[in-house]
Amino acid sequence: MPSSGWKTAAKAGAAAVVAGSSAGTASWALYNYLMGQASTARGVIGRNVTKPPEADGVYTPGCGAPQPWRPGVDWDIYLMIFGDSTAAGVGCTSADEVPGVRLARGLAEETGKRVRLSTKAIAGATSKGLEGQVDAMFIAGPPPDAAVILIGANDVTAKNAIHASARRLRDAATRLRLAGSVVVVGTCPDLGVVGAIPQPLRSVVRRWGRLLARAQTAATLEAGGHPVALADLLAPEFLAAPDAMFSADHFHPSAAGYELAAKQLLPVLAAALGEWDGGPLPALPEVSEAAEAQRIGSRIRAAANHFLRRRGLDRRADEVVDGAGAVVAEQAAATHDAVDGRLHRQRAESAT
């Protein structure tokens, strides 16, 4: 992830808060506070430039290592991975941990077939890079039987326009579908569980991520693909055991985190190929309940309820809860609307 992404997100969020407030001194104080939080997040997360382990090849059931692919090597299912650093496997220390490898191995075990894995994903990519990745696929050879796309987190930190990001995803998925590929999309994860991003900046990027995930879901369905709500990746395990679920950079998943993601993607992928015999597919939530509980509004609500219940003031607790929730919702909506308006004006000025 480019280190400038946090600065962009913080500037946009802080500018929106400034624009929506009449208290200039307090607004600029909040602006500076968010910018400081962005610097803290960049310092903790940094920029992971480690090249992911090489993982491409032909996988068979029970194989210890993949067979290197070269012209003349047969396969039954051709799987290709597109997207960003999570698709490429940044944070993994061995090829066995890479999400594409986990999917290829799982598909081979589920079907008993030979699965060729090819990775086009690039660390740091946003939805703007999907077109080039698909172009590279068409140049290199035939389209895959199945394409998995993991994209979105970098669009949030770069504050790319939500509808434009979703449109680019739809266009890439449509091209792959027209080429005969099954398309599975892991939508934007919930950044609200990334503890290295301090509050309130975390709430800003979390809300953008949720909006993007919803737009990605609609775009994927429109293209004839299969969306998987990777907010479920941010299940209680990530909040309960961040040291185990996140890699050393505190942003990308660890081996255990990627394993959790692969377990969600594999049934949908196999079913889309007509190869799933593992029972009914699970219903994946759009946003994990555990991550939802970390929202500022939810924490205010829980704290107020706890405090007031101890004194037998349940009626007053309801009033405080409703008021706090309304304030948080109003501030979040104002932030989003102001940011979108500011970006629209910037684009209009650039066009003239």
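Residues numbered from 1 in each chain as written. Predicted model: local features only at pLDDT ≥ 70, side-chain atom pairs only at ≥ 80, totals over all residues. Heavy atoms only, no water.

Colleague: I'm lost on the overall build of the protein in this one. Help?
Modeller: The secondary structure content of the protein amounts to 14 helices and 6 strands. Taking all 352 residues of the protein together, the buried fraction comes to 48%. For the protein, restricting intrachain contacts to residue pairs at least 6 apart in sequence, the fraction spanning at least 24 positions comes to 79%. Only carbon and sulfur atoms are counted for the fraction: they give 54% of the accessible area of the protein, which is about 16100 Å². (Helix = DSSP H or I, 4+ residues; strand = E, 2+ residues; numbered from the N terminus. Buried < 20%, exposed > 50% of the residue type's maximum accessible area, 1.4 Å probe, protein only. Contact = heavy atoms within 4.5 Å. Areas by Shrake-Rupley, 256 points an atom, 1.4 Å probe, with all protein chains shown as cover.)

Colleague: Sorry, what's going on with helix α8 (residues 201-222) here?
Modeller: Two residues of an α-helix separated by three or four positions point the same way, owing to the 3.6 residues in each turn. Over its 22 residues, α8 runs 32 Å from end to end, which matches the ideal 32 Å to within 8%, given 1.5 Å per residue. At the exit of α8 stands G224, carrying a positive phi of roughly 90°. (Expected span 1.5 Å × (residues − 1).)

Colleague: Help me out: how do you make sense of the packing of aromatic side chains in this one?
Modeller: Aromatic ring pairs are defined here through the distance separating the ring centres and the angle between the ring planes. Scanning the model with the defined rule gives 2 aromatic pairs in all. Plain terms: the ring middles of W69 and W75 are 6.2 Å apart, the flat faces sit at 65° to each other, and that makes the pair edge-to-face. For W75, a relative accessible area of 27% gives the class partly exposed. Judged by centre distance (5.3 Å) and plane angle (55°), the rings of W75 and Y78 are tilted. Three or more aromatic residues joined by ring pairs form one cluster here, namely W69, W75 and Y78. Between the NZ or CZ atom of R116 and the centre of the ring of W69, over which it lies, the distance is 3.6 Å. Directly above the ring of W208 sits K159, whose terminal nitrogen or CZ lies 4.5 Å from the centroid. (Phe/Tyr/Trp six-rings, centres within 6.5 Å; stacked < 30°, edge-to-face > 60°. Lys NZ or Arg CZ within 6 Å of the ring centre and 35° of its normal.)

Colleague: Looking at this structure, how should I read the confidence of the model for the protein?
Modeller: The share of residues in the protein with pLDDT of 70 or more is 62%, and the mean pLDDT across the chain is 75. Taken element by element, the predicted model of the protein shows its lowest mean pLDDT in helix α14 (residues 314-351) (46) and its highest in strand β4 (residues 146-150) (98). Contacts for the low-pLDDT stretch residues 284-288, under 50 throughout, to residues beyond four places or in other chains number 18 contacts. In the model, residues 320-340 has pLDDT below 50 throughout and makes 26 contacts with residues more than four positions away in sequence or in other chains. (pLDDT = per-residue confidence, 0-100.)

Colleague: I keep staring at the pattern of salt bridges and nothing clicks. Help me out?
Modeller: Close approach of charged atoms allows side chains of opposite charge to pair. Enumeration over the complete set of coordinates arrives at 7 salt bridges. In this structure, R105 engages D96 in a salt bridge whose closest nitrogen and oxygen atoms are separated by 3.0 Å. With relative accessibility at 44%, the residue D96 sits in the partly exposed group. Across the pair D190 and R206 runs a salt bridge whose closest N-O atoms are separated by 3.2 Å. Of the two residues, D190 sits in the loop between β5 (182-186) and α8 while R206 sits in helix α8, which places them 16 residues apart along the sequence. We note that D190, like R206, is buried. (Salt bridge = Lys/Arg side-chain N within 4 Å of Asp/Glu carboxyl O.)

Colleague: How do you make sense of the nonpolar core when you look at a structure like this?
Modeller: By size, the foremost hydrophobic cluster in this structure holds 32 residues, and its most contacted members are L79, L103, L117, V148, V184 and L269. A per-element tally of this core places helix α11 (residues 255-272) first, with 7 residues. Aside from chain neighbours lying at most four places away, what touches L103 is L79, I81, V148, A262, L265, L266 and L269. Core analysis: the second largest hydrophobic core is formed by 20 residues, L201, V205, A215 and F251 among them. (Core = buried A, V, L, I, M, F, W, Y, C linked by side-chain atoms within 4.5 Å.)

Colleague: Honestly, the pairing of β5 in this entry has me stumped. Any pointers?
Modeller: Regular strands show a simple pattern: their side chains alternate between the two faces of the sheet. With 5 of 5 residues buried, β5 is to be regarded as a mostly interior element. Every second residue of β5 is oriented toward a common face, with V182, V184 and G186 on one face and V183 and V185 on the other, all of them buried. In the sheet, β4 pairs with β5 via 5 bridges, with the strands oriented parallel. For A146, the partnering residue across the bridge sits in β5 and is V182. (Pairing = 2+ DSSP bridges.)

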